[in-house]
Amino acid sequence: MPTPKQRLPYSTAGGGGGGRRGASGSGVLPPVVVLVFLFVVAPSLFFVVCNGGRGHVHVASDPKEAVAMMNLKSILPKEVIDAIAASQQEKGTLSVDFFRNHESPSWKTDDLVTDKGMNVDDKAKAENSAAEHDLPTNNSPKDPDEHQVDTAAKIARRKLREKRREKRAMDLLSKDDEARVKLENAAIERSKAVDSAVLGKYSIWRKENENENSDTTVRLIRDQIIMARVYSALAKSKNKSGLFQELQTRIKESQRAVGEAAADADLHHSAPEKIRAMGQVLSKAREEVYDCRAITQRLRAMLQSADEQVRSLKKQSTFLSQLAAKTIPNSIHCLSMRLTIDYYLLPLEKRKFPRSENLENPSLYHYALFSDNVLAASVVVNSTIMNAKEPEKHVFHLVTDKLNFGAMNMWFLLNPPGKATIHVENVDEFKWLNSSYCPVLRQLESAAMKEYYFKADRPTTLSAGSSNLKYRNPKYLSMLNHLRFYLPEVYPKLDKILFLDDDIVVQKDLTGLWDVDLNGNVNGAVETCGESFHRFDKYLNFSNPHIARNFDPNACGWAYGMNIFDLKEWKKKDITGIYHKWQNKNEDRVLWKLGTLPPGLLTFYKLTHPLDKSWHVLGLGYNPSIDRSEIDGAAVVHYNGNMKPWLELAMTKYRPYWTKYIKYDHPYIRGCNLSE
């Protein structure tokens, strides 16, 4: 029968008698063999190939393996057999990489992510998985030749992995550079949209910052002079007498051309010619005597010398400013002398002020002003009355010294403050103010104090070591400065009084200060401390146990200049007695330097009520950067500091607040050459 013959190929793996068994049992055995191959051999081969580790497939040269391959050909698809053969021809070993690069169409799926669409993390995971498959397994072949092939394959794969890592790193770097460039470009575009006109200048004090090219010619000439001095020193050291003389000549010409000019507009018309001539000489000097090390040393020496000169000039400037602050200008001295002469020429009956009955009326607004400066006192009174709502209710108590008593009286007799009341007294006529009662007067009479102030050979300059020049001001010797601690003795019938310094200007009505509730305190003042500035430790010696035990170094300081005093509370708390106690302890100036603010801080410690800062704005005598709105909104502006408004060194931006209350057309002022 033909049927058994058709099934003979399934028995080729057996011996010669297999044909008879196939003929007699053809209905059972062939399907079993097919199932074995399909479910055992074929899956095993598939998993070996997929493991990609050491499960490589060889086209065997052994006859047994050849017979097995023949059986596989009858079972496996033709595409798999062709792939195995191609892999053997190209690489000698069938690896998983081959199937990755030559996948069968049946393995492709449309819904999988392609390699191009994979991100860097997915690629890294895939490669790590491949590396795990490359690890050796228990099924690795033991043949030495096959081991050599495996080693070569491992090296190749390792090189491929390294190349892939390098490529990934380069990709990441390129992406990072691209992102950085994009960010920079975006920032540049944003900066183009910024309006630079609203940005501030680097410094409001340097005019050259307003124009990058301002005064460049002046600076160029000065730079040329500096380099010419350096080259002239080098030329002299190298015996280049001709070059030395030429440089010296050009230096003198350039110095004459620049003169005292601070701007290009001030230069002499010959300046451009001098610049060209100097440039030619400097070029010649560079060719002949240039020495980098020597020039560097010379410039360093010049810099050190200039630095020493700057320090010396700063000391001189400080000394001169302190000296100027002590003095009275000739014009004001002239005014005082002329007024004094005319006062003592007046008959006695014409030397009296009207409305003397108001001097002890506690229901009126009383002011205390202690000054030896006629012009300054006139500004305080005039500005107060001009801004008062009810001038007739204001009373001014002026106290001056014997030298200026006649001038002060004469000025206000000639220029009465409208309907306001005014009275002038001489501090030397206060008989109760003597050395037995007042510690300051007793200390001023001591030999140590006289030596401190009046010793002929004491240092007169800062550079000579006079570190306390600030406190040698004559005002500290005057009892006018210390009279503020004796207000109840001077005005025993008054309940409240407003103390004013003579370097202030009143800009608003001050009557509201009498309505301020001081909450049982004696002194109402504006505090001056910031975060760390103008606190007690700035004025007092906290290394002294008397100060350290009784006061807080961080307590806030306050300002003299405009202070409302409750004289009833003053008497109850014996403020003058407290002042005497601390003044006696400071006989050797170990608690504070001379002055009235430090003892005032001690005397009114925890007895001062802080006023709103708009009542009193300070600093117009030393601070050039006070906000204009603060000044305009202040009730009182204070020129505390050395730059008083009546001095030539006053800051011009603040002086108009003071000068507008002076009558420059007055005969006495005009006769003494007082001008704005």
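Residues numbered from 1 in each chain as written. Predicted model: local features only at pLDDT ≥ 70, side-chain atom pairs only at ≥ 80, totals over all residues. Heavy atoms only, no water.

Within the protein chain, the regular secondary structure consists of 27 helices and ten strands. The buried share of the protein chain, taken over its 676 residues, is 39%. Sequence separation of 24 or more characterises 74% of the internal contacts of the protein chain that already satisfy a separation of 6 or more. Element-wise, carbon and sulfur atoms account for 53% of the exposed surface of the protein chain, whose accessible area totals about 40000 Å². (Helix = DSSP H or I, 4+ residues; strand = E, 2+ residues; numbered from the N terminus. Buried < 20%, exposed > 50% of the residue type's maximum accessible area, 1.4 Å probe, protein only. Contact = heavy atoms within 4.5 Å. Areas by Shrake-Rupley, 256 points an atom, 1.4 Å probe, with all protein chains shown as cover.)

Turning to helix 23 (residues 575–585), its buried residues number three or more, namely Ile575, Thr576, Tyr579, His580, Trp582 and Gln583. If you follow the buried residues of helix 23, they end up packed against helix 16 (439–444), helix 18 (479–482), helix 19 (487–490), helix 21 (545–550), helix 22 (567–573) and helix 24 (597–603).

What follows deals with the confidence of the model for the protein chain. Taken over all residues, the pLDDT of the protein chain has a mean of 77, while the share at 70 or more is 67%. Across residues 194–213 the pLDDT falls below 50, and counting only partners more than four positions away or on other chains, this stretch makes eight contacts in the model. In this model residues 461–467 is a low-confidence stretch, pLDDT under 50, and it forms eleven contacts with partners more than four residues away in sequence or in other chains. (pLDDT = per-residue confidence, 0-100.)

On to the packing of aromatic side chains. On inspection of all chains with the given rule, the structure shows 24 aromatic pairs. Here phenylalanine 485 and tyrosine 579 contribute two aromatic rings whose centre-to-centre distance is 3.9 Å and whose plane-to-plane angle is 5°, an arrangement assigned as stacked. With phenylalanine 485 in the loop between helix 18 and helix 19 and tyrosine 579 in helix 23, this residue pair connects regions lying 94 residues apart in the sequence. In terms of burial, phenylalanine 485 and tyrosine 579 fall into one category: buried. Measuring from ring centre to ring centre gives 6.0 Å for tryptophan 646 and tryptophan 658, while their planes differ by 50°; the resulting arrangement is tilted. Here the residue tryptophan 646 occupies a position in the loop between strand 10 (636–638) and helix 26 (656–659), and tryptophan 658 occupies one in helix 26, the gap between them amounting to twelve residues. The aromatic ring of tyrosine 290 is capped on one face by arginine 286, whose charged end is 4.5 Å from the ring centroid. Positioned above the aromatic ring of tyrosine 343 is the side chain of arginine 351, whose terminal nitrogen or guanidinium carbon lies 4.9 Å from the ring centre. (Phe/Tyr/Trp six-rings, centres within 6.5 Å; stacked < 30°, edge-to-face > 60°. Lys NZ or Arg CZ within 6 Å of the ring centre and 35° of its normal.)

Turning our attention to the state of the cysteines. Scanning all chains against the criterion turns up two disulfides. Between cysteine 334 and cysteine 672 runs a disulfide, and the two sulfur atoms are separated by 2.2 Å. Disulfide cysteine 334-cysteine 672: torsion about the S-S bond near -70°, hence left-handed. Of this pair, cysteine 334 sits in helix 13 (residues 330–344) while cysteine 672 sits in the segment after helix 27 (667–671), and the two are 338 residues apart along the sequence. One disulfide bridge connects cysteine 529 with cysteine 556, the sulfur atoms lying 1.7 Å from each other. Sign of the S-S torsion, about -105° for the bond between cysteine 529 and cysteine 556, identifies this disulfide as left-handed. Of this pair, cysteine 529 sits in the loop between strand 6 (523–525) and helix 20 (536–539) while cysteine 556 sits in the loop between helix 21 and strand 7 (562–566), placing them 27 residues apart in sequence. Take cysteine 529 and cysteine 556: they sit in the same class, and that class is buried. Counting its disulfide-bonded cysteines in sequence order, the protein chain shows a connectivity of 1-4, 2-3. (Disulfide = S-S within 2.5 Å.)

Another point: the sheet that holds strand 3 (residues 421–426). An order of 3-2-1-4-7-6-8 is seen for the seven strands of this open sheet, with the pairing classed as mixed. Edge positions in the open sheet fall to strand 3 and strand 8 (608–610), since each of these has one partner strand only. If you compare each strand with its neighbour and ignore which way they point, the axes differ by 25° on average. In this fold helix 14 (residues 374–386) packs onto strand 1 (365–370), strand 2 (394–400), strand 3 and strand 4 (496–500), with an angle of close to 175° to the strand it touches most, strand 2. (Pairing = 2+ DSSP bridges. Axes fitted to C-alpha atoms, helices over the stretch in contact; angles between N-to-C directions.)

The geometry of a pair of packed helices is captured by two quantities: the angle between their axes and the separation between those axes. Look at helix 9 (residues 216–237) against helix 12 (residues 292–326): their axes get within 10 Å of each other, and the N-to-C directions meet at 120°. One way to sum up the angle between helix 9 and helix 12 is to call them oblique. Here helix 9 and helix 12 pass one another in a crossing that is right-handed. Listed contacts from helix 12 to Ile226, Val230, Tyr231, Ala233 and Leu234 of helix 9 are Ala294, Ile295, Arg298, Leu299 and Met302. (Parallel < 35°, antiparallel > 145°, perpendicular 65-115°, else oblique. Left-handed = near helix turned anticlockwise from the far one by under 90°.)

What follows deals with the sheet that holds strand 9 (residues 616–617). The strand order across the open sheet built from three strands is 5-10-9, with neighbouring strands paired in mixed fashion. Strands with a single pairing partner mark the edges of an open sheet, and in this sheet they are strand 5 (504–506) and strand 9. The sheet contact formed by strand 5 and strand 10 spans three bridges and is antiparallel. Bridging from a neighbouring strand, isoleucine 504 pairs with histidine 638 of strand 10.

This part is about the nonpolar core. One finds Leu398, Leu498, Leu510 and Leu513 to be the most contacted residues of the largest nonpolar core, which totals 64 residues. Examining the composition of this core, we find that eight residues originate from one element, helix 14, more than from any other. Discounting residues that sit within four places of it in the chain, leucine 513 has contacts with Leu498, Met562, Ile564, Leu611 and Trp615. With 46 residues, the next largest nonpolar core counts Phe370, Phe536, Trp570 and Phe604 among its residues. (Core = buried A, V, L, I, M, F, W, Y, C linked by side-chain atoms within 4.5 Å.)

The next point concerns the side chain of aspartate 501. Position of aspartate 501 among the secondary structure elements: in the loop between strand 4 and strand 5. Classification of aspartate 501 as buried rests on a relative accessible area of 14%. For aspartate 501, the contacting residues outside a window of four places in its chain are Leu369, Val380, Arg484, Tyr560, Gly561 and His638.

Inspection of the secondary structure assignment puts serine 336 in helix 13. Judged by its relative accessible area of 5%, serine 336 falls in the buried class. Residues in contact with serine 336, not counting those within four places in the same chain, are Val374, Asn404 and Ala407.

Attention now goes to the pattern of salt bridges. On inspection of all chains with the given rule, the structure shows twelve salt bridges. The partner of aspartate 495 in a salt bridge is lysine 568, with the nearest N and O atoms 3.9 Å apart. Linking aspartate 495 in the loop between helix 19 and strand 4 with lysine 568 in helix 22, this pair joins segments that are 73 residues apart in sequence. Classification of lysine 568 as partly exposed rests on a relative accessible area of 49%. Within the structure, one salt-bridge network assembled from shared partners comprises Arg250, Glu253 and Lys274. (Salt bridge = Lys/Arg side-chain N within 4 Å of Asp/Glu carboxyl O.)

What follows concerns the environment of asparagine 373. As for its position among the elements, asparagine 373 is in the loop between strand 1 and helix 14. What makes asparagine 373 buried here is its relative accessible area of 2%. A C-alpha to C-alpha distance of 8.5 Å links asparagine 373 and threonine 400, two positions 27 residues apart in sequence. If we skip the residues at most four places from it in the chain, asparagine 373 touches Ile328, Ile332, Met408, Asp502 and Trp646. From its side chain, asparagine 373 meets the backbone nitrogen of alanine 376 in a polar contact 3.0 Å long. (Polar contact = N/O pair within 3.5 Å; in protein donor to acceptor, adjacent residues only side chain to side chain.)

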